[in-house]
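Listed below are the residues making up each chain.
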Amino acid sequence: MTDFLDIHKTSPAELRAIIDTAQTMKSARAGRPKGAPDDDQPLAGHMIALIFEKPSTRTRISFDVGVRQLGGETMVLSGADMQLGHGETIADTARVLSRYVDMIMMRTFEEDTLLEMAEYATIPVINGLTNRTHPCQIMADVMTFEEHRGPIKGKKVVWSGDGNNVFASFAHAAKQFEFDLVFTGPEPLDPDRSLDGLYEIIRNPQEAVACADLVVTDTWVSMHDPQSARERRHNQLRGYQVNDDLMSHANSDALFMHCLPAHRDDEATSSVMDGSHSVIFDEAENRLHAQKAIMRHCLGV
């Protein structure tokens, strides 16, 4: 058994095996009702705790459905549901949960919370998102790219916008999957300088996306940002909107991704999101398949 905490903490061989497993499982489910079980039931008899300190749509539903398709059961918890939200230490919570369930997926704010949970749990822990990284999303993104365009190795990926937690996991993936990553965005929103990843910065967005195979963006504001921060970010990022003009500077067959939820016509126009370059809903679906493969990897099943 093993944790899945970050892409750069998982070997390239293991990451490749996860992607291959996800693609195989997705193909095997073609045409089935969403609630139908997989042919094999590797999580039969297993109970998985899904902990959400941050609200969620895709992460919550995809993990819940994925566990059920694999034959397991879920217990969905919020921070407010647990003593974790009322003074109990993370270490004690980890020790107790390890007696009740077989694996923990945690979507939380601080990376230290996740790391402490993993340190003291005696069962696998999966990073469903922290303020620092979002590795499950990028595994789905790599899977989606390869479905449409073949191996991502050696391809050019351009991120336009804020150097946030999703970008951080892209930077980790660039190193592990060996693709070229370019960040284009305003200097005040550059990625964390301590980020252990691989990328280049090009300020001019049109120059950055030249010859791109994939263009990616994310929401400019967080659900927790005050109004003053939202206005400031819009002013900073307006020139980095992914629109038809920006996409015209990329390769003619370039793909467009957004992890969702999106603020349409802010970070990306609806014409791009709904256009021929966009694979955003394939990307959303592949969260399910990638995470099923991650859970199998963590439990060794």
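On a predicted model such as this, the values are computed, not experimentally measured, just so you know. (Residues numbered from 1 in each chain as written. Predicted model: local features only at pLDDT ≥ 70, side-chain atom pairs only at ≥ 80, totals over all residues. Heavy atoms only, no water.)

Our focus in this paragraph is the overall build of the protein. Counting its secondary structure elements, the protein contains 11 helices and 9 strands. In terms of overall size, the protein behaves like a compact globule, its C-alpha atoms giving a radius of gyration of 19 Å where 301 residues would be expected to give roughly 19 Å. Its C-alpha atoms give the protein principal-axis dimensions of roughly 55 × 45 × 30 Å. Taken over 301 residues, the protein has a buried fraction of 53%. For the protein, the accessible area works out to roughly 12,800 Å², and carbon and sulfur atoms hold 48% of it. Of the charged side chains in the protein, 29 are positive and 45 negative, and the gap between their average positions amounts to 2 Å. (Helix = DSSP H or I, 4+ residues; strand = E, 2+ residues; numbered from the N terminus. Rg over C-alpha atoms; globule rule 2.2 N^0.38 Å. Buried < 20%, exposed > 50% of the residue type's maximum accessible area, 1.4 Å probe, protein only. Areas by Shrake-Rupley, 256 points an atom, 1.4 Å probe, with all protein chains shown as cover. Lys, Arg positive; Asp, Glu negative; His and termini not counted. Charge placed at Lys NZ, Arg CZ, Asp CG, Glu CD.)

Next up on the list: the sheet that holds strand β4 (residues 125-129). Taken together, 4 strands build an open sheet; the order of strands is β2-β1-β3-β4 and the sheet is parallel. Every other strand in the sheet has two partners, leaving β2 (73-78) and β4 as the edge strands with one partner each. Strand-to-strand twist of the sheet, defined as the mean angle between neighbouring strand axes without regard to direction, takes the value 20°. The pairing of strand β3 (residues 103-107) with β4 spans 4 bridges and is classified as parallel. Each residue of the ladder has a partner; that of M105, found in β4, is I126. (Pairing = 2+ DSSP bridges. Axes fitted to C-alpha atoms, helices over the stretch in contact; angles between N-to-C directions.)

With that settled, consider helix α2 (residues 58-69). Under the 1.5 Å per step criterion, the end-to-end length of α2 is 16 Å for 12 residues, consistent within 8% with the ideal 16 Å. By the burial criterion, the buried members of α2 are T59, S62, F63, D64, G66, V67 and Q69. Next to the buried residues of α2 lie β1 (47-52), β2, β3, β4, α5 (135-149) and α11 (280-299). G71 occupies a position one or two residues after α2 and carries a positive phi of about 95°. (Expected span 1.5 Å × (residues − 1). Contact = heavy atoms within 4.5 Å.)

Take the side chain of T93 next. Of note, T93 is situated in helix α3 (residues 90-100). The exposure class assigned to T93 is buried, which follows from its relative accessible area of 4%. In terms of polar contacts, T93 uses its side chain to reach the side chain of E88, at 3.3 Å. When residues no more than four places from it in sequence are discounted, the contact partners of T93 are M82, L84, E88 and M117. (Polar contact = N/O pair within 3.5 Å; in protein donor to acceptor, adjacent residues only side chain to side chain.)

On to the pattern of salt bridges. For the structure on display, the rule yields 17 salt bridges. R16 is paired through a salt bridge with D20; the nearest N and O atoms lie 3.8 Å apart. Of this pair, R16 and D20 both sit in helix α1 (residues 12-28), separated by 4 residues, roughly a single helical turn. Given a relative accessible area of 35%, D20 falls into the partly exposed group. Of the charged contacts, one joins R16 and E146 as a salt bridge, the two residues approaching to 2.8 Å between their closest N and O atoms. Note that R16 is positioned in helix α1 and E146 in helix α5, a separation of 130 residues in sequence. (Salt bridge = Lys/Arg side-chain N within 4 Å of Asp/Glu carboxyl O.)

A few words on the sheet that holds strand β8 (residues 214-217). Pairing within the open sheet is parallel, and its 5 strands lie in the order β7-β6-β5-β8-β9. Only two strands of the sheet have a single neighbouring strand rather than two, namely β7 (200-201) and β9 (255-258). The pairing of strand β6 (residues 180-184) with β7 spans 2 bridges and is classified as parallel. Its bridge partner being in β7, V182 is matched across the sheet by E200.

Our next topic: the nonpolar core. F4, I126, M139, F177 and F179 are the most contacted members of the largest nonpolar core, which has 51 residues in total. For this core, the element with the highest residue contribution is helix α6 (residues 165-177), accounting for 8 residues. (Core = buried A, V, L, I, M, F, W, Y, C linked by side-chain atoms within 4.5 Å.)

What follows covers helix α8 (residues 227-237). Among all positions of α8, only A229, R233, H234 and L237 are buried. Buried residues of α8, seen end-on, are gathered within an arc of 135° and therefore sit on one face of the element. Seen from the open side of α8, the exposed residues pointing more than 90 degrees away from its buried face are Q227, S228 and N235. (Arc of directions from axis to C-beta.)

Packing of α1 against α11 leaves a shortest axis separation of 8 Å and a crossing angle of 125°. Relative to α11, the element α1 lies oblique. The chirality of how α1 crosses α11 is right-handed. Between α1 and α11, the contacting residues are E14, I18, T21, A22, M25 and K26 on the first element and E285, N286, H289, A290, K292, A293, I294, R296 and H297 on the second. In the contact of α1 with α11, the residues fall into 6 nonpolar, 4 polar and 5 charged. (Parallel < 35°, antiparallel > 145°, perpendicular 65-115°, else oblique. Left-handed = near helix turned anticlockwise from the far one by under 90°. Nonpolar A, V, L, I, M, F, W, Y, C, P; charged D, E, K, R; others polar.)

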